[in-house]
Amino acid sequence: MKRVVEGSEAVAEAVRLARVNVISAYPITPQTHIVEFLSEYCANGTMDARFLRVESEHSALAALIGTATTGVRSFTATSGQGLALMHELLHWTSGARLPIVMAEVNRALAPGWNIWVDQTDSLAQRDTGWIQLYCEDSQEVLDTIIQAYRLGELVDLPVMVVLDAFFLSHTYEPVDVPDQKLVDDYLPSWEPKFQLDTEKPCAFGPLVTPAFYMEMRHAIAGAMEDALEVFPRVEDEFEKIFDRRYGEIEAVSCNDAEIILVTSGTATSTSRLVVENLRAKGEKVGLLKIKLFRPFPVELVRKVLAPAKKVAVIDRNFSFGASGIFAQEIRAALCNTMKHPPVFGYVAGIGGRDVTADVIEDIYRRAKASDFPEGESVWVGLQEN
Amino acid sequence: MIEIRWHGRGGQGAVTSVEMLALAAIEEGKYAQGFPSFGPERRGAPVVAFNRVDNHRIKIRSGVYEPDVVVVLDASLVGLVNVAEGLKPGGVLIVNTSKSPEEIKKEMNFRGAVTAVDASKIAREELGVPITNTTMLGAVIRATKLVKIESSEGPLKERFGRLAQRNINALKRAYDESKVAKAT
């Protein structure tokens, strides 16, 4: 049924439809409405689930590590500082191979206190062994949460579904909220390969010596590679029932493009408009949306970008002492191809500053005007003193 | 695409207005977006919220800076904040006020079209409270013809349940009682 919902409600609806058994969350800023909706669903019986209100984000994930180990579907949502506090347990979740799903609303990190969109919080967790999926509208958010359980449970890895603060979390727009029956057809109940079971007692989380630890890590690396293989299957199954798919990446007007913009999150949506307008003026510009960030779809990215003359990456995040993080990944993906275009890195929209169509067009014009990148990153839209 | 900025005070339901208008638009097969000003809000403080309505899927995901329509839910905001800021030439200003649209034009030194309606009075009489968000929707529909008045009834019924009819009455009265002064 088509409804007008806030992005946060789209997440909550997906969690309801995925028949999640346990939600654990810390409800204070920078938390969003997501868990407000879910606590209501649990309280009024809309969902047959337990809502655990814990004392910190660290505890929120710790509690889910416990519940998921018993074999029940588990969910949490967080943002910014909250995700940072979870850091230790992010590693634990993937190490324990628990397919927990988290909605991560990108918010800037303090100080200064800022609750607006910025991807540095989730990208700083790129090495924790979580699958990461970045969304551009609320329909994609709802669909991706449902797919995330399928994907995570097939490869035994946790999944972070990432959405922009405010531009998605607080924006109302029409979303098709599917029937429960269709979601049940798509998403079978989870059959854990191992779980806490009093009938079959065993220990979890023991000391692992150098004789075994490396193999455990290698197995996680393998599961990430499996996720690359499994993702298209998960989307095939989804498309059959819901007639929607998104792709690990999406190339828009890239075939004959001389300059390809690379984006993620809601900047992608605005960039689609910019590319349409520039194309109408005869500019040979394309757009590459990155949805799947971990595992990084290196081969797919290479195939789209290698023939272009220039690549311009727009990063709403920054790794101090290096560059925008998507730009780093794109450079790393391209460097081992024999012939590849220069990668221009642009940093825009930090801490919620608006990435307007004008900003995106300005980035395109800058890349067009320069023969080679001026540096690893060019910050766009800074105030002049 | 039509872009609308709503001015109200925290707690007056500006966000509900954008939600109701978006619902009415999709009821007619259109596309719509609605969002609040991003950031912390305080009860009673001036707030803004935004709508976009279009016949095509809306791709733009950034703020509204040059609206086609500005709606003022609270008359005390005129003169306090520059409600006409960025309003496109040929744009429409819709104000909850007991004054005539001509008086508002003069007071604000505004040359564009103004629609005026005493939504506070209507809301007090129909709803018993001076919350004007649903009432002002009637004035918006009158001034912009963006959606049909019937398209707003379903969303109001769903949202307000047994209080829906009163809101529908208030909306219809605002539609009928709106006064328009043309651009000069």
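Residues numbered from 1 in each chain as written. Chains lettered and ligands numbered in written order. Predicted model: local features only at pLDDT ≥ 70, side-chain atom pairs only at ≥ 80, totals over all residues. Heavy atoms only, no water.

**Student:** Quick question: what am I supposed to make of the overall build of chain B here?
**Tutor:** A tally of helices and strands in chain B yields six helices and seven strands. Along chain B, helices (α) and strands (β) appear in the sequence β-α-β-β-β-β-α-β-α-α-α-α-β when read from the amino end. A compact globule built from 184 residues would reach a C-alpha radius of gyration of about 16 Å, and chain B, at 15 Å, matches this within 12%. Across the 184 residues of chain B, 57% fall into the buried class. Taking the intrachain contacts of chain B between residues at least 6 apart in sequence as the baseline, contacts between residues at least 24 apart amount to 63%. Carbon and sulfur atoms provide 49% of the accessible area of chain B, an area that totals close to 8,300 Å². Between the mean site of the 27 positive side-chain charges and the mean site of the 21 negative ones, chain B shows a separation of 1 Å. (Helix = DSSP H or I, 4+ residues; strand = E, 2+ residues; numbered from the N terminus. Rg over C-alpha atoms; globule rule 2.2 N^0.38 Å. Buried < 20%, exposed > 50% of the residue type's maximum accessible area, 1.4 Å probe, protein only. Contact = heavy atoms within 4.5 Å. Areas by Shrake-Rupley, 256 points an atom, 1.4 Å probe, with all protein chains shown as cover. Lys, Arg positive; Asp, Glu negative; His and termini not counted. Charge placed at Lys NZ, Arg CZ, Asp CG, Glu CD.)

**Student:** Teacher, can you tell me more about the sheet that holds strand S13 (residues 310–315) of chain A here?
**Tutor:** Where strands meet in a sheet, backbone hydrogen bonds hold them as pairs that are either parallel or antiparallel. Residues and elements named next belong to chain A. The strand order across the open sheet built from six strands is S9-S11-S10-S13-S14-S15, with neighbouring strands paired in mixed fashion. At either margin of the open sheet sits one strand with a lone partner, and together these are strand S9 (249–252) and strand S15 (378–379). Direction of pairing for strand S10 (residues 259–263) relative to S13: parallel, over a ladder of four bridges. Opposite Ile260, over in S13, you have Val311 as the bridge partner. (Pairing = 2+ DSSP bridges.)

**Student:** Sorry if this is basic, but what is going on with the environment of Arg302(A) here?
**Tutor:** Residue and element names in this part refer to chain A. Along the chain, Arg302 falls in helix H10 (residues 298–305). Separated by 265 residues in sequence, Arg302 and Phe37 place their C-alpha atoms 41 Å apart. Sequence-distant contacts of Arg302, that is, excluding residues within four places in its chain, are made with Pro307, Ala333, Leu334, Asn336 and Thr337. Looking at Arg302, its side chain comes within polar contact range of the main-chain oxygen of Ala333, at 2.6 Å. (Polar contact = N/O pair within 3.5 Å; in protein donor to acceptor, adjacent residues only side chain to side chain.)

**Student:** Please clarify how the interface of chain B and chain A should be interpreted in this entry.
**Tutor:** In many reports, interface size means the accessible area that the parts give up when they come together. The interface of chain B with chain A comprises 20 residues on the first partner and 24 residues on the second. Of the roughly 2,000 Å² buried at the junction of chain B and chain A (both faces included), carbon and sulfur atoms supply 62%. Considering only the side of chain B, the residues that lose the most area to chain A are Phe38(B), Lys59(B) and Arg61(B), jointly responsible for 40% of the buried surface there. Between chain B and chain A we count three salt bridges in total. Measuring nitrogen to oxygen at the nearest pair gives 3.6 Å for the salt bridge that ties Asp137(A) to Arg57(B). When residues of the side of chain B that touches chain A are traced back to their parent elements, those giving at least two are helix H1 (14–27) and strand S2 (31–36) of chain B. Each residue belonging to the side of chain B that touches chain A can be placed in one class, and the counts come to 11 nonpolar, five polar and four charged. (Buried area = accessible area lost by both parts, 1.4 Å probe. Salt bridge = Lys/Arg side-chain N within 4 Å of Asp/Glu carboxyl O. Nonpolar A, V, L, I, M, F, W, Y, C, P; charged D, E, K, R; others polar.)

**Student:** Looking at this structure, I do not really get the packing of helix H1 (residues 7–17) of chain A against helix H6 (residues 138–155) of chain A. What am I missing?
**Tutor:** Residue and element names in this part refer to chain A. Axis separation between H1 and H6 bottoms out at 8 Å; the angle between their running directions is 25°. Relative to H6, H1 is oriented roughly parallel. The interaxial crossing formed by H1 with H6 has right-handed handedness. Packed against H1, whose contacting residues are Gly7, Ala10, Val11, Glu13, Ala14, Val15 and Leu17, the element H6 presents Ser138, Val141, Leu142, Ile145 and Ile146 at the interface. (Axes fitted to C-alpha atoms, helices over the stretch in contact; angles between N-to-C directions. Parallel < 35°, antiparallel > 145°, perpendicular 65-115°, else oblique. Left-handed = near helix turned anticlockwise from the far one by under 90°.)

**Student:** I'm lost on the domain arrangement of chain A in this one. Help?
**Tutor:** All names here are of chain A. Taken domain by domain, chain A consists of domain 1 (2–242) and domain 2 (251–379). Put simply, the middle of domain 1 and the middle of domain 2, counted by C-alpha atoms, are 28 Å apart. Contacts between the two partners involve 26 residues from domain 1, matched on the other side by 28 residues from domain 2. Together, the buried faces of domain 1 and domain 2 total about 2,300 Å²; carbon and sulfur atoms form 55% of this surface. (Domains from an automatic or database assignment.)

**Student:** Explain the pattern of salt bridges here, please?
**Tutor:** Two side chains bearing opposite charge may form a pair once their charged atoms approach each other closely. By the definition in use, this model includes 44 salt bridges over all chains. In this structure, Glu13(A) and Arg16(A) form a salt bridge, with 2.8 Å as the shortest nitrogen-oxygen distance. Of the two residues, Glu13(A) and Arg16(A) are both situated in helix H1; the distance of three residues between them amounts to about one turn of the helix. Look at Glu13(A) and you get buried, because its relative accessible area is 5%. Here Glu28(B) ties to Lys30(B) by a salt bridge, and the two come within 3.5 Å at their closest N and O atoms. Via salt bridges that share partners, Glu136(A), Glu140(A), Glu250(A), Arg272(A), Lys289(A) and Lys291(A) belong to a single interconnected network.

**Student:** What's the story with the nonpolar core in this structure? I'm lost.
**Tutor:** Among soluble globular proteins, nonpolar side chains are generally buried collectively. All names here are of chain A. Counting residues in hydrophobic clusters, the biggest one holds 58 residues, and the most contacted among them are Val11, Val15, Ile23, Leu38, Phe75, Ile131 and Ile145. The element best represented in this core is helix H8 (residues 210–242), accounting for nine residues. In this view, Val11 contacts Ile34, Phe75, Ala103, Val141, Ile145 and Leu163; residues no more than four positions away in its chain are not counted. Counting 42 residues, the second-largest nonpolar core is a separate cluster that includes Leu89, Leu288, Phe296 and Ala327. (Core = buried A, V, L, I, M, F, W, Y, C linked by side-chain atoms within 4.5 Å.)

**Student:** Is there a simple way to explain the confidence of the model for chain B in this structure?
**Tutor:** Low-confidence regions, as indicated by low pLDDT, have predicted coordinates that should not be scrutinised in detail. Residues and elements named next belong to chain B. The predicted model of chain B has a mean per-residue pLDDT of 94, with 100% of residues at 70 or higher. Element-level pLDDT for chain B is lowest in helix H5 (residues 153–160), with a mean of 90, against a maximum mean of 98 in strand S4 (residues 69–72). This prediction of the complex comes with two scores: 0.96 for pTM and 0.93 for ipTM. (pLDDT = per-residue confidence, 0-100.)

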